[in-house]
Amino acid sequence: MSRDRPAPFEVMDCTLITLALGKSAQDLRELRDRLSDVPAGSLDHHFQQALLRHTFDDPEYRNDFALWARRQLHDFQLAEMLDVIDPLDYENLEDLRQRLLDVIEDRLADLDHVPSVAPGREFHFLRSQILIFGTGLSAAMPGDLANLIPRLSTGSVFYHFVEARRRHPARLDDISVWLEGWGEDHEPTRRRLGTIDFNLWTLTEMRDLIAACFEGPPRQARAG
């Protein structure tokens, strides 16, 4: 092979520093109004970054807005409408904001009355800063990375497989980008990685699926 090898894959980790915005919503109208002016980073916190929080424990609804609609408003139709929103379908967070507002406006138009939640059940808007740090782990070759994956923390999985899609213009994860430099022999692994939908899995499950991609096709559906 005449071309140079890619630089080693440096494994990073991350954690969230969460800040309260002092904004809350007690009903769907207030949620709409607050969504109009909260910082865009708050949307990221309540969508993708929800995966990284230990307090996010719902296996069905994968963003905070859908979860609040189900648990506090008891509006299952709205929860489903919010749950299918994939933030990676939108060019930026402002487009994502507009989609959220459109969904809520449509739901408000269908409601005869707008129920309020009990005190203490409000939706509280938060935002997060991601703190990124090195782990001291690196992989010189694809086989080395395959051996490392089962040992990765959930923070590393989030950084390299979820958050990375915001950083790369093609919405690829870091592992796929690195393997591209190793040529066509690793294209099957890259294709398998591309089938993993982070909206369907916990970070621990994703780690297992990523590891399996170096051996064969990943599972396509959550086990019942």
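Please refer to the structure placed before this passage.
Reading the values: rules and limits
Residues numbered from 1 in each chain as written. Predicted model: local features only at pLDDT ≥ 70, side-chain atom pairs only at ≥ 80, totals over all residues. Heavy atoms only, no water. Disulfide = S-S within 2.5 Å. Buried < 20%, exposed > 50% of the residue type's maximum accessible area, 1.4 Å probe, protein only. Helix = DSSP H or I, 4+ residues; strand = E, 2+ residues; numbered from the N terminus. Expected span 1.5 Å × (residues − 1). Bend = angle between axes of the 7 residues up to and from the residue. Contact = heavy atoms within 4.5 Å. Axes fitted to C-alpha atoms, helices over the stretch in contact; angles between N-to-C directions. Parallel < 35°, antiparallel > 145°, perpendicular 65-115°, else oblique. Left-handed = near helix turned anticlockwise from the far one by under 90°. Nonpolar A, V, L, I, M, F, W, Y, C, P; charged D, E, K, R; others polar. Phe/Tyr/Trp six-rings, centres within 6.5 Å; stacked < 30°, edge-to-face > 60°. Lys NZ or Arg CZ within 6 Å of the ring centre and 35° of its normal. Polar contact = N/O pair within 3.5 Å; in protein donor to acceptor, adjacent residues only side chain to side chain. Patch = residues over 30% accessible without salt bridge, like charges linked within 9 Å, V, L, I, M, F, W, Y side chains within 5 Å. Areas by Shrake-Rupley, 256 points an atom, 1.4 Å probe, with all protein chains shown as cover. Salt bridge = Lys/Arg side-chain N within 4 Å of Asp/Glu carboxyl O.

**Re the state of the cysteines**
Disulfides are covalent bonds that connect the sulfur atoms of two cysteines. Applying the stated criterion to the full structure yields zero disulfides. Just so you know, cysteine 14 is unpaired, no disulfide at all, and the nearest cysteine sulfur is the one on cysteine 213, 20 Å from it. Residue cysteine 14 is classed as buried on the basis of its relative accessible area, which comes to 5%. A residue is classified by how much of its surface remains accessible, and cysteine 213, at 0% relative accessible area, is buried.

**Regarding helix α7 (residues 154–167)**
Working note: α-helix, 3.6 residues per turn, so residues spaced by three or four point in the same direction. In this model α7 runs 19 Å from its N-terminal to its C-terminal C-alpha over 14 residues, within 8% of the 20 Å that 1.5 Å per residue would give. At histidine 160, α7 shows its largest bend, some 30°. With eleven of 14 residues buried, α7 is to be regarded as a mostly interior element. Within the sequence span of α7, burial applies to Gly155, Ser156, Val157, Phe158, Tyr159, His160, Phe161, Val162, Glu163, Ala164 and Arg165. Those residues of α7 that are buried lie in contact with β1 (9–25), β2 (123–139), α8 (174–180), α9 (187–194) and α10 (203–213).

**Digging into the packing of helix α4 (residues 76–83) against helix α5 (residues 93–110)**
With their axes 10 Å apart at the nearest point, α4 and α5 run at an angle of 160° to one another. Classified by the angle between their axes, α4 and α5 sit roughly antiparallel to one another. Once α4 is placed against α5, the crossing between them reads as right-handed. Seen from α4, the contacting residues are Gln77, Leu78, Met81 and Leu82; seen from α5, they are Leu100, Val103 and Arg107. Of the residues belonging to the contact of α4 with α5, the class tally is five nonpolar, one polar and one charged.

**Points about the packing of aromatic side chains**
Counted according to the given criterion, the structure contains seven aromatic pairs. Between phenylalanine 9 and tryptophan 178, the ring centres sit 5.6 Å apart and the planes meet at 70°, which makes this aromatic pair edge-to-face. Of this pair, phenylalanine 9 sits in strand β1 while tryptophan 178 is found in helix α8, placing the two residues 169 residues apart along the sequence. Tryptophan 178 carries the same exposure label as phenylalanine 9, and that label is buried. Every member of this aromatic cluster is reached through a ring pair, and the members are Phe47, Phe65, Trp68, Phe123 and Phe125. The cationic tip of arginine 167 hangs over the ring face of tyrosine 159; the distance from NZ or CZ to the ring centre is 4.3 Å.

**Some points on the environment of threonine 135**
As for its position among the elements, threonine 135 is in strand β2. For the pair threonine 135 and alanine 66, spaced 69 residues apart in sequence, the C-alpha to C-alpha distance is 34 Å. A distance of 2.8 Å separates a polar side-chain atom of threonine 135 from the backbone oxygen of valine 11. A distance of 3.1 Å separates a polar side-chain atom of threonine 135 from the backbone nitrogen of leucine 137.

**Comments concerning a nonpolar patch on the surface**
Together, Ile17, Leu19, Leu131 and Phe133 make up a nonpolar patch on the protein surface, roughly 310 Å² of accessible area in all. Counting only elements with at least two residues in the nonpolar patch, the list comes to β1 and β2. The residue leucine 131 is located in strand β2 in this model.

**Digging into unusual backbone geometry**
A positive phi angle, close to 55°, is found at histidine 74, a residue other than glycine. With respect to the helices and strands, the residue histidine 74 is situated in the loop between α3 (64–71) and α4. One non-glycine residue with positive phi stands out, namely arginine 171, at about 60°. With respect to the helices, strands and loops of the structure, arginine 171 is situated in the loop between α7 and α8.

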